[in-house]
Amino acid sequence: MVLFRNNARVLRARLRAERPTGGAVECLLLRPGTIPSQWWCLLKPGKKLPVGSTFGGDGQFSAKVLKKQPDGECLVEFNTLNGRSVTDIAEAYGEIPLPPYISRCSGPSSTVDTERYQTVYADTQKTVAVAAPTAGLHFTEELLALLAAQGHPAHDITLHVGLGTFRPIATDTIQEHLMHGELYEISARTRTALAQTPVESRLAIGTTTLRAIEDYHRSGGVQQDVSKPWIADARLFLYPPATFSAGALLTNFHLPRSTLLCLLSAFLAPGELAGIALFKELYAEALSNDYRFYSYGDAMLVLA
């Protein structure tokens, strides 16, 4: 097997701030806007931060809400001190955006999570994720070296993990769910590896990697010159009876009503609807044996 993995590093994307009245604000950076000083964010309390409202934090930045989308995303204009970028401010003063089901007595910036909520192969030049590609958390440097020595090399893809990955399904049918786009990058080296690796020999480490591979194939990347990087926006929502361009998937046990469960159901039985029943059997087994779920939980290896 040849491993393909998401090397995105998690940004310290949760900023604590205050409104001019002194009320607390939580700002979760999602992705940059069209200019460096503007970011799309999630804000709490959203109802108290209409368009035109302002907030600031740590004496290091001030911000103004420019737009609000029906889904809750807000376009925010940041003014930072000393010409620092929004990313610089986040890395200096922000918190690792742990999922809400993880709580720490020492607070959300617990040093254990600062290290543990990153894969060992996260690229410091790719600090673009607001959630960890959690399947990769199971790997150590020693395990990757052992796999490489046994003929299982690894190649990197960068998918900017954002709202598209973790937003739950709230519609009556999965077909109605709107998948948010997530930028991804595939280097020339990885594109060459994909071209040279048969589908059945591709192991996708995590659903974010698999989404990027599928979007790359479906948008015609494989037919174009592989000597250049490929950069595109993945908006794929994969559910039964989808088919795939990878032969194996390593993935954690996911939340109910998530798009990740839909992807897993499809991967268990590509081109069929039978994967829905299979995934229910797998999760019943996991529950009966006290498997750990979610970000720091156990994983499964699915072979097509």
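Residues numbered from 1 in each chain as written. Predicted model: local features only at pLDDT ≥ 70, side-chain atom pairs only at ≥ 80, totals over all residues. Heavy atoms only, no water.

What about the pairing of strand β1 (residues 2-6)?
Counting buried positions along β1 gives five out of five residues, so the element sits mostly inside the fold. A two-sided burial pattern is seen for β1, the buried positions comprising Val-2, Phe-4 and Asn-6 on one face and Leu-3 and Arg-5 on the other. (Buried < 20%, exposed > 50% of the residue type's maximum accessible area, 1.4 Å probe, protein only. Helix = DSSP H or I, 4+ residues; strand = E, 2+ residues; numbered from the N terminus.)

Structural notes on the sheet that holds strand β15 (residues 299-303)
Pairing within the open sheet is mixed, and its seven strands lie in the order β13-β11-β10-β1-β12-β14-β15. Each end of this open sheet is capped by a strand with a single partner; those strands are β13 (230-234) and β15. Neighbouring strand axes in the sheet, compared pairwise and without regard to direction, differ in orientation by 25° on average. Note that β1 and strand β12 (residues 202-205) share four bridges and pair parallel. Note that in β12 the partner of Arg-5 across the bridge is Ile-205. (Pairing = 2+ DSSP bridges. Axes fitted to C-alpha atoms, helices over the stretch in contact; angles between N-to-C directions.)

Some thoughts on the layout of surface pockets
Gaps between atoms show up when a probe of the same size as a water molecule is rolled over them. In this structure, the largest pocket occupies an estimated 1,000 Å³ of space. If you go around the largest pocket, you meet 49 residues; those closest to its centre are Leu-98, Pro-99, Pro-100, Tyr-101 and Phe-166. Among the secondary structure elements, those contributing two or more residues to the lining of the largest pocket are β4 (24-32), β5 (38-44), α4 (163-166), α6 (207-218) and β14 (248-252). The element contributing the most residues to the lining of the largest pocket is β5, with three residues. Residue composition of the lining of the largest pocket, by class: 27 nonpolar, 14 polar and eight charged. Of the voids in this model, the second largest pocket is the one considered here, and its volume is about 520 Å³. (1 Å grid on protein atoms, 1.4 Å probe; cavity = no way out; pocket = protein on both sides within 12 Å on 5 of 7 lines; lining within 4 Å. Points joined across faces, edges and corners; volume = space filled by probe spheres on them. Nonpolar A, V, L, I, M, F, W, Y, C, P; charged D, E, K, R; others polar.)

A word on the packing of aromatic side chains
For any pair of aromatic rings, the description consists of the separation of the ring centres together with the inter-plane angle of the planes. In the structure shown here, the tally under the stated rule is 11 aromatic pairs. Ring centres of Phe-253 and Phe-293 lie 5.3 Å apart, and the angle between their planes is 45°; on these two criteria the pair is classed as tilted. Here Phe-293 lies in the loop between α8 (275-288) and β15 and Phe-253 lies in the loop between β14 and α7 (259-268), a separation of 40 residues in the sequence. With 5.6 Å between their ring centres and 75° between their planes, Tyr-283 and Phe-293 make a pair best called edge-to-face. With Tyr-283 in helix α8 and Phe-293 in the loop between α8 and β15, the pair connects residues that are 10 residues apart, well separated along the chain. Residue Tyr-283 is classed as buried on the basis of its relative accessible area, which comes to 9%. Following the ring pairs from residue to residue traces out a cluster consisting of Phe-253, Phe-279, Tyr-283, Tyr-291, Phe-293 and Tyr-294. Above the plane of the ring of Tyr-121 lies Arg-5, whose end atom (NZ or CZ) is 4.3 Å from the centre. (Phe/Tyr/Trp six-rings, centres within 6.5 Å; stacked < 30°, edge-to-face > 60°. Lys NZ or Arg CZ within 6 Å of the ring centre and 35° of its normal.)

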